[in-house]
Amino acid sequence: MRIHVPDPLRLTVEPTEVDTDYKFVVALKAKLPPGVAANAASHLCLGLVAKAAAERPELLPHMSFLEFPDANGGRHAPISGLSLVVLEGRPAWLRRLRGEAEAAGLLYTDFTSAMTGGTYADQLDRMRTTPEESLDYYGLALFGLRTELDPLTKKFSLLH
């Protein structure tokens, strides 16, 4: 599989170029065990940036990845200068959020219970044999304009 990325690929921006009109949102199923929630959130974020690179490379500069130099000249990058809000909500809200994100053409990824346990081959087989209405969504990650994301996620609470 070949992924098209802009040439030259510039993943980091200058601090003056951070686009605060955008933000990241991770919405997780309420009451997931902490390890499951961390695993789901990590996979979601990795997938979101990979999806942006493959399908929406014009969004990468808006993700506002910065280099964070320390006092000794060490580099800590790339880390986004944007908000990444982690929310939790009811399973039905996650399914609805996925549908709304899809309908709006937003950049998003989702993660389900079928994507855990066993090998990736086992997980692929489970996904292929599970109808969408039977999927247990553990979470979604979204990236977009605040004005687009905020109305879709207003029912969710901050993760505790």
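Now for a quick tour of the structure. (Residues numbered from 1 in each chain as written. Predicted model: local features only at pLDDT ≥ 70, side-chain atom pairs only at ≥ 80, totals over all residues. Heavy atoms only, no water.)

## Describing the overall build of the chain
The condition is simple: Segments assigned H or I by DSSP are reported as helices when at least four residues long, segments assigned E as strands when at least two residues long, and all are numbered from the N terminus. In this setup the radius of gyration rests on C-alpha atoms only. A globule is expected at 2.2 Å times the number of residues raised to 0.38. Think of it in three bands: residues with accessible area under 20% of the maximum for their type are buried, residues over 50% are exposed, and the middle band is partly exposed, with areas taken using a 1.4 Å probe on protein chains only. Two residues qualify as a contact provided that any one of their heavy atoms is within 4.5 Å of a heavy atom in the partner residue. Method for areas: the Shrake-Rupley scheme with a 1.4 Å probe, in which residue coverage is limited to the protein chains shown. Under the counting rule used here, the positive set is Lys and Arg, the negative set is Asp and Glu, and His together with the chain ends is not counted. Taken as the charge centre is NZ of Lys, CZ of Arg, CG of Asp or CD of Glu, depending on the residue.
Helices and strands together make up the secondary structure of the chain, namely 4 helices and 7 strands. In the chain, the succession of helices and strands from N to C terminus is β-α-β-β-β-α-β-α-β-α-β. Taken over the C-alpha trace, the chain has a radius of gyration of 17 Å; the compact-globule value for 160 residues is 15 Å, and the two agree within 12%. For the chain, the C-alpha atoms occupy an extent of roughly 50 × 35 × 35 Å along the three principal directions. Taking all 160 residues of the chain together, 34% fall into the buried category. Taking as baseline every contact in the chain between residues at least 6 positions apart, the subset at least 24 positions apart corresponds to 76%. Counting every atom, the chain has about 9500 Å² of accessible surface; 56% of that belongs to carbon and sulfur. Taken as two groups, the 17 positive and 20 negative side-chain charges of the chain have centres that lie 7 Å from each other.

## As for the environment of D21
Mapping D21 onto the fold places it in the segment before β1 (22-29). Using a relative accessible area of 49% as the deciding quantity, one classes D21 as partly exposed. When the C-alpha positions of D21 and P34 are compared, they lie 30 Å apart, and in sequence the two are 13 residues distant. In this view, D21 contacts G144, L145 and R146; residues no more than four positions away in its chain are not counted.

## With respect to the sheet that holds strand β7 (residues 157-158)
Test applied: Strand pairing is assigned whenever DSSP identifies at least 2 bridges connecting the two strands. Each axis is a line fitted through C-alpha atoms, and for a helix only the stretch in contact is used; angles between axes span 0 to 180 degrees, taken between their N-to-C directions.
Read from one edge of the open sheet, 5 strands run β5-β6-β1-β4-β7, paired in mixed fashion. If you trace the sheet from one side to the other, it starts and ends with β5 (107-112) and β7, each paired once. Looking at chain direction, β1 and strand β6 (residues 137-145) are connected through 7 bridges and run antiparallel. Paired with V25 across the two strands is L142, which belongs to β6. Against the sheet, helix α4 (residues 146-153) makes contact with β1, β4 (84-89) and β6, and its axis sits at roughly 150° relative to β6, the strand it touches most.

## Here's the deal with the pairing of strand β2 (residues 65-69)
Both β2 and strand β3 (residues 75-80) contribute to a ladder of 4 bridges, which runs antiparallel. Looking across to β3, one finds that F65 is bridged to S80. Connecting β2 to the next strand, β3, in antiparallel fashion are 5 residues, including G73 with a positive phi near 90°.

## Observations regarding the pattern of salt bridges
Put simply, the test is: The salt bridge definition used is simple: a Lys or Arg side-chain nitrogen within 4 Å of an Asp or Glu carboxyl oxygen.
All told, the structure shown has 7 salt bridges when counted by the stated rule. E132 is the partner of R95 in a salt bridge, and the nearest nitrogen-oxygen pair spans 3.2 Å. Taken together, the residues span a long stretch of sequence, with R95 in helix α2 (residues 91-104) and E132 in the loop between α3 (120-128) and β6 at a distance of 37 residues. Accessibility expressed as a relative area gives 29% for R95, which makes it partly exposed.

## Brief notes about unusual backbone geometry
Looking along the chain, the bond that leaves A77 and enters P78 is cis, with omega of -10°. Assignment of secondary structure puts P78 in strand β3. The phi dihedral of K31 falls on the positive side, at around 70°, and the residue is not glycine. For K31, the location among the structural elements is in the loop between β1 and α1 (34-55). At S64, a residue that is not glycine, the phi angle is positive and equals roughly 55°.

## A word on the packing of aromatic side chains
What counts is decided by this rule: Two rings belonging to Phe, Tyr or Trp (six-membered ring only in the last case) form a pair when the distance between their centres is within 6.5 Å. Interplanar angles under 30 degrees mark stacking, angles over 60 mark edge-to-face geometry, and anything in between is tilted. Distance and angle both matter: a charge sits over a ring if NZ of Lys or CZ of Arg is within 6 Å of the ring centre and within 35 degrees of the ring normal.
Counting across every chain of the model gives 4 aromatic pairs. On the numbers, 4.7 Å between centres and 50° between planes, the contact of F24 with F143 is tilted. Of this pair, F24 sits in strand β1 while F143 sits in strand β6, and the two are 119 residues apart along the sequence. Aromatic side chains W93 and F156 sit 5.6 Å apart centroid to centroid with 70° between the ring planes, which places their arrangement in the edge-to-face category. One end of the pair, W93, is in helix α2; the other, F156, is in the loop between α4 and β7, and 63 residues separate them in sequence. Taking the relative accessible area as the measure of exposure, W93 reaches 16% and is therefore buried. Ring pairs connect the aromatic residues Y22, F24 and F143, which therefore count as one cluster. Above the ring of Y108, the side-chain terminus of K51 is found at 4.4 Å from the ring centroid.

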